[in-house]
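Per-entry structural report
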Amino acid sequence: MATEHVSAPGSSEPLIRVEDLHKSFGSNVVLRGIDLSVSQGEVVTIIGASGSGKSTLLRCINLLETPDSGHVWFHGEDLTAEHVNVNRLRESIGMVFQGFNLFNNMNVLDNCMLAPVALKKCSKDEARERALTHLAEVGMGDFAGAQVTRLSGGQKQRVAIARALCMEPEIMLFDEPTSALDPEIVGEVLNVMRDLAAAGMTMVVVTHEMAFAKNVSDRVVFMDQGVIAEQGTPEKLFSNPEHARTREFLSRYLDDTNEGN
Amino acid sequence: MSTTTAASGAAVEKPRGRVASLLLDDHRYVFLGTSAIALVGLILANQPHPVSSFLALSYAAESVLYYVLVAWVVVSAVALVNKLVRWRDYAVTSPFASPVARRVERIASYVICAVVCVFFADRCAVGFLDLVAYATTSTSNPDDFWVSSIYMLYNMRGVYLSGIVTTIVLAVFGTIIAFFLALLLVFLRIQAIDRSDNDFVRFVKVVGSGFARVYSTVVRGTPMMVQSLIIYFGGIGLLQGTGMTVAQTREVWSPFTAALVTISLNSTAYMMEVLRSGIGAVDFGQTEAARSLGLSQWQAMSKVVFPQGVKNSIPALSNELIINLKDSSVLSAISVVDLMFATTTIAGAYYRQMQIYVVAMATYLVLTLVASKLLDMLSHRLDAGDLGPVLGTSDALPAAKEH
């Protein structure tokens, strides 16, 4: 355990701190030195063009991708240190995927109960109760016995959120949670996320939903070519972006939205 | 088949399966199909009577049956002409196509089928029994091909039956043992180093995965016949090295034991590869989701990926039983008395080869057909059989997947 990185307890230390993160896949350099911190209760959205490294950054935070260099601190503990117990840390970091990734060999309830029971977070009855509570929160309480393969995309994603919540994480990572959904269904998932944000959950959201970024997040991070090009409050970033690249990206998006409406 | 629904009335019935519908519903192919059957019956009726034919006892009865068939063919011909003449409105106007006529035709077709069955029983079944009776009482090997094969089978039935049993036992138990060994081995094979592993775990994983890889390469890269010889004689050598006598060795390490070990170990390698590809077909997102919840690699594997992978593999795994049924024939090299060994024994005893090899081939075919039918039922039961539409579109899928 990398004890030298454990800082003194205090509110000054952010929940997640990413420092000088680099990652490349073969010759393809995806992240070129990312510094980012997320404090307790904050909702951070990461926007940017495809291939700018948003998802990779998110996946580095819970070590689904191993960074080449740099550090990720969670509660002051360095996740990137050798032989750190990643599994235990991941218990507190929920993740929601673009492709839902519900366990196809189980029904909805078992999806939600698997991890809490397997990791002995609570008893089976307790886990069931907890699962039903969270399923009800995301509006899927009536589907507890359903096979996941028979759910719609929006329903699957809401179950996926409930499944992550069942581990009672301190932070939730969303990796383009609505990109695989049709425009009508996107709303139901975003509403769940909005409720979650309102309840004070710390969230990092990679998304192409600019309206969500604008209205729900406390801070918007714009990534371009593997670096954070610009970040700030949604008001500032959307109304008065500093970088030319940010302006270009946003203009394209906002045009689309305006035409759409 | 609009007439079918019209005939069955307003009551909404559960649709029957295809075979059941052909047999039990009124349909427009009743003349065509039954005429073909009737013609077969006529051909049979024109064959000479076997020795103990029962129809030969009553010429009158046989004539009546014969002319019933002829009558049906004639009526069918009339209906055909009628249809050709009134091609456009046949279904509406023809007396042959009215609901009542259709029902009568269907019932008549049962009678025709029954008559053909009688002719079949008389000419073929009784004829066959005559042959069997002749072959089993004959004191020398008859010259006729089929009579000779029946003669040889009958006189060597003990060897042949025990050969069949041995083949089945080898294949079934070999496959079952191999399945569990393959589960174990594939688990070793797919181990990947995880960040949280300590050096000892890493070492075990590397060695286990390497062993599984080498095992699969060697076993799949060499013939099972050679493997069986090496296992059999290697085992004997090993046991004699411990000071056992030849008789004791035979008792412990019989050809059957060696054969079972061979087929199990051989099948393990193939099943491992099947399982590996089945597990590989499970979306990696499943693992990622499990790991993101904090499950360890082992937990993600055993609770999420493995069950899905094994289920994916069931059709291909069950295929292994069929392969083993056939491939156990090479184990006759170590003189285990399986079906192949029994067959060559019989062929050698009578100096007649083709007759008994044809029978052996038919026996193998029956065994594999029965096995594949049983396995189909099993995989259906486990909800793993349906591959879904491969070439067809989704609307070609049967409505079987409702649950």
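Remember, it's a predicted structure, so these values are computed and weren't measured experimentally.

Criteria and thresholds
Residues numbered from 1 in each chain as written. Chains lettered and ligands numbered in written order. Predicted model: local features only at pLDDT ≥ 70, side-chain atom pairs only at ≥ 80, totals over all residues. Heavy atoms only, no water. Domains from an automatic or database assignment. Buried < 20%, exposed > 50% of the residue type's maximum accessible area, 1.4 Å probe, protein only. Helix = DSSP H or I, 4+ residues; strand = E, 2+ residues; numbered from the N terminus. Pairing = 2+ DSSP bridges. Contact = heavy atoms within 4.5 Å. Buried area = accessible area lost by both parts, 1.4 Å probe. Salt bridge = Lys/Arg side-chain N within 4 Å of Asp/Glu carboxyl O. Expected span 1.5 Å × (residues − 1). Axes fitted to C-alpha atoms, helices over the stretch in contact; angles between N-to-C directions. Parallel < 35°, antiparallel > 145°, perpendicular 65-115°, else oblique. Left-handed = near helix turned anticlockwise from the far one by under 90°. Nonpolar A, V, L, I, M, F, W, Y, C, P; charged D, E, K, R; others polar.

What the domain assignment reports for chain B is domain 1 (2-6 + 16-137) and domain 2 (157-381). Measuring from the centre of the C-alpha atoms in domain 1 of chain B to the corresponding centre in domain 2 of chain B gives 49 Å.

All names here are of chain A. Burial analysis of strand 9 (residues 219-224) places 6 of its 6 residues in the buried class, which makes it a mostly covered element. Sheet topology places strand 9 next to strand 10 (residues 227-232); 5 bridges connect them, and they run antiparallel. Bridge pairing in strand 10 places V221 opposite Q231. Hairpin geometry of strand 9 and strand 10 is characterised by an intervening segment of 2 residues between the two adjacent antiparallel strands and by a positive phi of about 55° at Q225.

With that settled, the discussion passes to the interface of chain B and chain A. Tallying the contact residues gives 24 residues for chain B and 32 residues for chain A. Summing both partners gives a buried area of about 2,200 Å² for chain B against chain A, and 52% of it is carried by carbon and sulfur. Interface area lost by chain B to chain A is led by R195(B), S292(B) and L293(B), which between them contribute 34%. Scanning the region where chain B abuts chain A turns up 1 salt bridge.

Glancing now at the side chain of S52(A). On the secondary structure map, S52(A) appears in the loop between strand 3 (43-48) and helix 1 (54-61). Ignoring anything within four residues of it in the chain, the contact list for S52(A) reads V30(A), M223(A), D224(A), Q225(A) and G226(A).

This brings us to helix 3 (residues 30-45) of chain B. The α-helix winds at 3.6 residues per turn, so residues separated by three or four positions along the chain end up facing the same way. In this model, helix 3 of chain B (16 residues) spans 22 Å end to end at C-alpha, consistent with the 22 Å of a helix rising 1.5 Å per residue. Along helix 3 of chain B, the residues that are buried comprise V30(B), F31(B), T34(B), S35(B), A38(B), G41(B), L42(B), L44(B) and A45(B).

Residue and element names in this part refer to chain B. It is at 10 Å that the axes of helix 8 (residues 157-189) and helix 14 (residues 297-327) come closest, and there the two elements cross at 155°. By the criterion of interaxial angle, the relationship of helix 8 to helix 14 is roughly antiparallel. In this structure, the crossing between helix 8 and helix 14 has a hand that is right-handed. Residues T167, I168, A171, V172, T175, F179, L183, V186 and F187 of helix 8 form the contact with helix 14, whose own contacting residues are W298, M301, F306, V310, L317, E320, L321, N324 and L325. Residue composition of the contact of helix 8 with helix 14, grouped by class: 14 nonpolar, 3 polar and 1 charged.

Residue and element names in this part refer to chain A. All told, the structure shown has 19 salt bridges over all chains when counted by the stated rule. As a salt-bridge pair, R128 and D125 come within 3.6 Å of each other at their nearest N and O atoms. Placement of both R128 and D125 in helix 4 (residues 124-137) is noted, with a separation of 3 residues, approximately one turn of the helix. Residue classification places R128 among the partly exposed residues on the basis of a relative accessible area of 34%. Residue D224 pairs with R245 through a salt bridge whose shortest N-O separation is 3.1 Å. You can see D224 sitting in strand 9 and its partner R245 sitting in helix 9 (residues 244-260), a full 21 residues away along the chain. For R245, a relative accessible area of 27% gives the class partly exposed.

Residue and element names in this part refer to chain A. Spatial ordering of the open sheet is given by 2-1-4-5, a layout of 4 strands whose pairing is antiparallel. Edge strands, defined here as strands with exactly one partner in the open sheet, are strand 2 (28-38) and strand 5 (77-78). In the sheet, strand 4 (residues 69-74) pairs with strand 5 via 2 bridges, with the strands oriented antiparallel. By the bridge assignment for strand 5, W73 is matched with D78. Against the sheet, helix 1 engages strand 1 (16-25), strand 2 and strand 4, with an angle of about 120° to strand 1.

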